[in-house]
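These are the residues of each chain, in order.
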Amino acid sequence: MILLTGATGFLGEFVLEELVKRGHEVTCFVRKTSDLDKIKRLNVNYVYGELEDYRSICEALKGKEALINIASLGFGHGPNIVNACEEVGVKRSIFVSTTGIFTKLNPDSKGIRLAAEKLIKESNLDYTIIRPTMIYGTSKDRNMWRLVKYLKRLPVLPILGSGTYLQQPVYVKDLAIAIVSAYEKNISIKKAYNISGDKALSYNEVVDITGKALGKKVVKIHIPMKLSYNLLKMYEKVSKRPKLKAEQVLRLNENKDFSYEEAKKDLGYNPLSFEEGIKLEVSER
């Protein structure tokens, strides 16, 4: 029996489907405000609780053989989850982190996630850490769907910087398969895997491929990185709630390409190309 956190989120729904498909018995750990439609359709058990509530995690873990934690480690719940597993005696555990921990920038969530990974690695758990790149795949994603929606309306796209920085988006179903495969394979114990898309692409290529999937030729207007940064700095000073921040320019112009060779070797990971994945996302229209 597996306890699954984050089951009602974008990624969690696909992980739940993959677990059920492979015949695993699952209980979902959910909030009372969660949308349970998918869980009920799949006829899966669930228990109410909060990751802030240590005792509710312990209660939910009782009688379970493993934990698959899809809920973000960036909110500081890592200690509660790890300590609860140790107290109850649930050793096998899968934790989803992010390749964002490798950024040269220092957002607050980076430190929280690094501390969580350190705690997991120093615990007595039989853990596996999964670090995806940017996840996409349906209209529920918070990444590529924004670009898709924009390009549906306008064929002209301002790009902050050169657009040559690398990205390697991962298709959500590929990621879900990798997570469940990691749980099933003991070779993954005490290891961390970067899970990325088929190959690294420049942002310019990502835009062109997305436009092609939509049947549109996109005109890209590049705004120099330094100018973009300075303009957004000024914008932040005059706006109480800026929709874009200068730090985002730096993040956009940082390479985000990661090898998945170890996951391929241990887990049989074989991701879709971005061309295939974005066609599937666009076809959801």
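Every chain is numbered independently, its residues counted from 1 as its sequence is written. Reporting in this predicted model follows two pLDDT cut-offs: at least 70 for local features of residues, and 80 or more for side-chain atom pairs to be given and counted; totals over whole chains, interfaces and linings ignore these cut-offs and use all residues. With hydrogens and water set aside, each side-chain value is computed from the structure's full complement of heavy atoms.

- The protein chain goes by Nucleoside-diphosphate-sugar epimerase in an unreviewed UniProt entry, where it is assigned to Aquibacillus albus.

Some details on the nonpolar core
Moving on, step 1. Nonpolar cores were defined as sets of buried Ala, Val, Leu, Ile, Met, Phe, Trp, Tyr and Cys residues, with membership established by side-chain atoms within 4.5 Å. Accessibility here uses a 1.4 Å probe with only protein chains present; expressed as a share of the type maximum, an area under 20% marks a residue as buried, one over 50% as exposed, and anything in between as partly exposed. By size, the foremost hydrophobic cluster in this structure holds 37 residues, and its most contacted members are Leu4, Leu11, Val15, Cys28, Ile68, Ile179 and Ile195.
Moving on, step 2. For this core, the secondary-structure elements that each account for two or more residues are β1 (2–5), α1 (10–21), β2 (26–30), β4 (66–69), β5 (92–96), α7 (172–184), β11 (191–195) and α11 (261–267).
Moving on, step 3. The element that contributes the greatest number of residues to this core is α7, accounting for eight residues.
Moving on, step 4. We call two residues contacting when some pair of their heavy atoms lies within 4.5 Å. For cysteine 28, the contacting residues outside a window of four places in its chain are Leu3, Leu4, Ala7, Leu16, Ile39, Val44, Asn45, Tyr46 and Val47. Runs of E in the DSSP output that reach at least two residues are strands. Runs of H or I that reach at least four are helices, and both are numbered from the N terminus.

Points about the packing of helix α6 (residues 144–153) against helix α8 (residues 203–213)
Moving on, step 1. Remark: α6 packs on α8, axes separated minimally by 10 Å, with the N-to-C direction vectors making an angle of 55 degrees. When the axes of α6 and α8 are compared, the pair comes out oblique. α6 and α8 meet at a crossing whose hand is right-handed. Between α6 and α8, the contacting residues are Met144, Leu147, Val148 and Leu151 on the first element and Tyr203, Val206, Val207, Thr210 and Gly211 on the second. Fitted lines through C-alpha atoms serve as axes, helices being fitted only where they are in contact, and the angles separating the N-to-C directions of these axes extend from 0 to 180 degrees. For classification purposes, an angle smaller than 35 degrees is called roughly parallel, one larger than 145 roughly antiparallel, one from 65 to 115 roughly perpendicular, and anything else oblique. Note on convention: near helix rotated counterclockwise from far helix by under a right angle means a left-handed crossing. Clockwise means right-handed.

Remarks on a positive patch on the surface
Moving on, step 1. A patch consists of residues whose relative accessible area exceeds 30% and which take part in no salt bridge; residues with like charges are grouped when within 9 Å of each other, and nonpolar side chains (Val, Leu, Ile, Met, Phe, Trp, Tyr) when within 5 Å. The Shrake-Rupley method, run with a 1.4 Å probe sphere, supplies the accessible areas, and residue values consider only the shown protein chains as cover. When a carboxyl oxygen of Asp or Glu is within 4 Å of a side-chain nitrogen of Lys or Arg, the pair counts as a salt bridge. Asp and Glu are treated as the negative residues and Lys and Arg as the positive ones, with His and the ends of the chain left uncounted. We put the charge of a Lys on NZ, of an Arg on CZ, of an Asp on CG and of a Glu on CD. Positive charge collects at one region of the surface, where Arg142, Arg146, Lys149, Lys152 and Arg153 lie side by side.
Moving on, step 2. Structurally, arginine 142 is set in the loop between β7 (135–136) and α6.

Side note on helix α5 (residues 108–122)
Moving on, step 1. By this rule the span expected of a helix is its residue count minus one, scaled by 1.5 Å. Helix length check: α5 (15 residues) gives 22 Å between terminal C-alpha atoms against 21 Å at 1.5 Å per residue, within 8%.
Moving on, step 2. By the burial criterion, the buried members of α5 are Lys110, Ala116, Glu117 and Ile120. Down the axis, α5 shows its buried residues gathered within 130 degrees of arc, on one side only. Along α5, the residues that are exposed and aim more than 90 degrees away from the buried face are Asp108 and Glu122.
Moving on, step 3. On its buried face, α5 sits against α4 (78–88), β5 and β6 (126–132). As used here, the arc belongs to the directions running from the helix axis to the C-beta atoms.

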